[in-house]
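Structural features, examined
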Amino acid sequence: MNSHESKGMLLGLLGVLIFSLTLPMTRIVVTEMNPILVGLGRALVAAVPAAALLWWRGEKRPTIAQLKSLSIVACGVILAFPVLSAWAMRSIPASHGAVLNGLQPFFVAIYAYLLGGERPSRGFWVCAVLGSALVMMFALREGGGMPQPADGLMLLAVGIGALGYAEGGKLAKQMGGWQVICWALVVAAPVLALPVGWLAWHQGTPLNLKVWLAFGYVAMFSQFLGFFAWYAGLAMGGIARVGQVQLLQIFFTIALSALLFGEKVDLTTWLFAAGVVATIAIGRNMKIGSAQLAHKAS
C-alpha cells in the first residue's frame, strides 16, 4: 500500500474504534426505549449538529445525482442498520452481534465491486470468504445449530448497512467524508421527524441517566462523528480494502462488552474472533485493481 492508502486504513481504524461501542450502548438503551425510536431518534438528534456544521461551513447543496446517492446512504446507515440492530440487541448479547457484524466487510467488498468499480484479486476474495464462513459457523454454534431469529435481523442490518457504507465511501471521493454523513442526516431528517415524535410521545417511562448517556453516544459518535473518519478512510484507501478493517471491530466490541458491561465471553468466542481477524491480516495486502484499469488492459 502507498502512504495515501495507509492513511485511509488509519482513518478507517479510527472510525471502527468509535463504532465498536455502538452495539453495547444500543443494548443499554433498548432496555428502556423502543428499538425503532432508538434507531430513528439517534439520527434525528445527529441531524441538528450536522445541519449547523453545513451552514457554518457554507457547503454547496448536493446535485440531483448526489442526492440519489445520499438517499442510498440514508437507507443503509440511518434507517436500516440502526433500527434493525437495535431490535436485534433486545435478544442477543452485544458480543454475539459483534461477530455477526463481522460479515459487513464482505458485503462492503461486494458492493465495492458492483457499484464502486473496484476489482479485488482472487486472494482478497478467498480471505473475505474465509472470514465470513467463520462468522456463520459462530452464529450457528451460538444458536445450537440453528440460526436465532435475532440473527436474521442482525444479518439484514449488516447487509443493508454495508450498502450505505460502500455508497458513502464512493460519494466521499466527490464531497468529502464528513459532508456525506452530514448531508445524509439532513436529507433524512424530514422523513424521521414525524415517526420519532410519535414514538417519543408514547414512550412514557422516564429514562435513567445511564440510558440517556448511552443514547447520546449512539447519536453523536456512532451516527455522526464516527462517519467523519470512516467515509474519509474509505475514499482514501479504497472501499473494499479499508472496509476489511471493520473486522477488527469484533475484538474491540467483545473486549469492551466484557470490560464495561460484564458480558461473559467464552474462549471459543475469542478463537472465532481471532480467526476472522486473521483473514484481514492476510487479505489487506492482496491486490485491488479498478474496472477502468482492467478495461484499458483489455
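Small disclaimer: the values here were computed from a predicted structure and weren't measured.

A few words now on the overall build of the chain. Within the chain, the regular secondary structure consists of 14 helices and 2 strands. For the chain, the spread of C-alpha atoms along the principal axes amounts to about 65 × 50 × 30 Å. Counting all 298 residues of the chain, 52% fall into the buried class. Considering only contacts in the chain between residues 6 or more positions apart, those separated by 24 or more positions represent 89%. Of the side-chain charges in the chain, 19 are positive and 9 negative, and the distance between the mean point of each set is 10 Å.

Right, let's talk about the nonpolar core for a bit. Membership of the largest hydrophobic core comes to 89 residues, with the highest contact counts inside it found for Ile78, Leu185, Trp230 and Tyr231. A per-element tally of this core places helix 9 (residues 177-201) first, with 12 residues. Apart from the residues within four sequence positions on either side, Tyr231 is in contact with Val73, Val77, Gly164, Tyr165, Gly168, Gly169, Ala172, Gly177, Val180 and Ile181.

It is possible for side chains of opposite charge to pair when their charged atoms get near one another. Applying the stated criterion across every chain, the model contains 1 salt bridge. When the shortest N-O distance is used, the salt bridge between Glu167 and Lys170 registers 3.6 Å. Of the two residues, Glu167 and Lys170 both sit in helix 8 (residues 149-175), 3 residues apart, roughly one turn of that helix.

This brings us to the packing of aromatic side chains. Under the criterion given, the structure shown has 13 aromatic pairs. Centre to centre, the rings of Tyr165 and Trp230 are 5.4 Å apart; their planes meet at 65°, and the pair counts as edge-to-face. Residue Tyr165 is located in helix 8, and its partner Trp230 is located in helix 10 (residues 209-237); the two are separated by 65 residues in the primary sequence. Classification of Tyr165 by relative accessible area gives buried; the value is 5%. Residue Trp230 is classed as buried on the basis of its relative accessible area of 0%. Arranged with centres 6.3 Å apart and planes meeting at 35°, the rings of Trp178 and Phe228 form a pair that is tilted. Here the residue Trp178 occupies a position in helix 9, and Phe228 occupies one in helix 10, the gap between them amounting to 50 residues.

This brings us to the confidence of the model for the chain. With 92% of its residues at a pLDDT of at least 70, the chain reaches an overall mean of 85. Ranking the elements of the chain by mean pLDDT puts helix 14 (residues 291-297) last with 44 and helix 3 (residues 35-57) first with 96. Predicted confidence is poor over residues 293-298, with pLDDT under 50, and the contacts of this stretch with residues over four places away or in other chains come to 0 contacts.

Turning our attention to empty space enclosed by the protein. Summed over all chains, the structure comprises 1 cavity of 30 Å³ or more. In this structure, the largest cavity occupies an estimated 130 Å³ of space. Taken together, 14 residues form the lining of the largest cavity, with Phe19, Thr22, Arg42, Phe81 and Tyr165 sitting closest to its centre. Going through the elements one at a time, helix 2 (22-29), helix 4 (64-88), helix 8 and helix 10 are the ones with two or more residues in the lining of the largest cavity. Split by residue class, the lining of the largest cavity holds 6 nonpolar, 7 polar and 1 charged.

If you trace the backbone, Met137 turns up in helix 7 (residues 122-142). By relative accessible area, Met137 is classed as partly exposed at 48%. Distance in space between the C-alpha atoms of Met137 and Leu44 is 36 Å, their sequence separation being 93 residues.

This part covers a nonpolar patch on the surface. Judged by side-chain polarity, Ile64, Leu67 and Val187 come together as a nonpolar surface patch covering roughly 240 Å² of accessible area. Tracing the backbone shows Val187 in helix 9.

For helix 8, which comprises 27 residues, the first-to-last C-alpha distance of 38 Å matches the rise-based estimate of 39 Å (1.5 Å per residue) to within 8%. Just downstream of helix 8 lies Gly176, where phi reads positive at about 105°.

Cut-offs used in this document
- Throughout, residues of each chain are indexed from 1 in the direction in which the sequence is written.
- With the structure being a predicted model, the display of local features is reserved for residues of pLDDT at least 70 and the display and counting of side-chain atom pairs for 80 or more, all residues being used for whole-chain, interface and lining totals.
- Calculation of side-chain values draws on the structure's entire complement of heavy atoms; hydrogens and water are dropped beforehand.
- Helical segments are the DSSP runs of H or I of at least four residues, strand segments are the runs of E of at least two, and each set is numbered from the N terminus.
- Type-normalised accessible area, obtained with a 1.4 Å probe on protein chains alone, sets the label of each residue: buried when under 20%, exposed when over 50%, and partly exposed for intermediate values.
- The contact rule is simple, with two residues in contact once any of their heavy atoms fall within 4.5 Å.
- Counting rule applied: Lys, Arg positive; Asp, Glu negative; His and chain ends not counted.
- In plain terms, the charge of a residue is placed at NZ if it is Lys, CZ if Arg, CG if Asp and CD if Glu.
- Here the nonpolar core consists of buried residues drawn from Ala, Val, Leu, Ile, Met, Phe, Trp, Tyr and Cys, with membership extended through side-chain atoms lying within 4.5 Å.
- Every case where a carboxyl oxygen of Asp or Glu lies within 4 Å of a side-chain nitrogen of Lys or Arg is listed as a salt bridge.
- The rule is short: rings of Phe, Tyr and Trp, with Trp giving its six-membered ring, pair when the centres are within 6.5 Å, and they are stacked under 30 degrees, edge-to-face over 60, tilted in between.
- The quantity called pLDDT is the predictor's confidence in a given residue, expressed from 0 to 100.
- Grid points spaced at 1 Å over the protein atoms alone were grouped into cavities, where a 1.4 Å probe fits but cannot get out, and pockets, open sets with protein on both sides within 12 Å along at least five of seven lines, with lining residues defined by an atom within 4 Å of a point.
- Grid points are joined across faces, edges and corners, and a volume is the space filled by probe spheres set on the points.
- Polar here means any residue outside two lists: the nonpolar Ala, Val, Leu, Ile, Met, Phe, Trp, Tyr, Cys and Pro, and the charged Asp, Glu, Lys and Arg; Gly therefore counts as polar.
- Residues enter patches when they are more than 30% accessible in relative terms and free of salt bridges; like-charged ones are connected within 9 Å and nonpolar ones (Val, Leu, Ile, Met, Phe, Trp, Tyr) within 5 Å.
- We get accessible surface area from the Shrake-Rupley algorithm with a probe of 1.4 Å; when it comes to residues, only the shown protein chains can shield them.
- An expected span of 1.5 Å times one less than the residue number is assigned to each helix.

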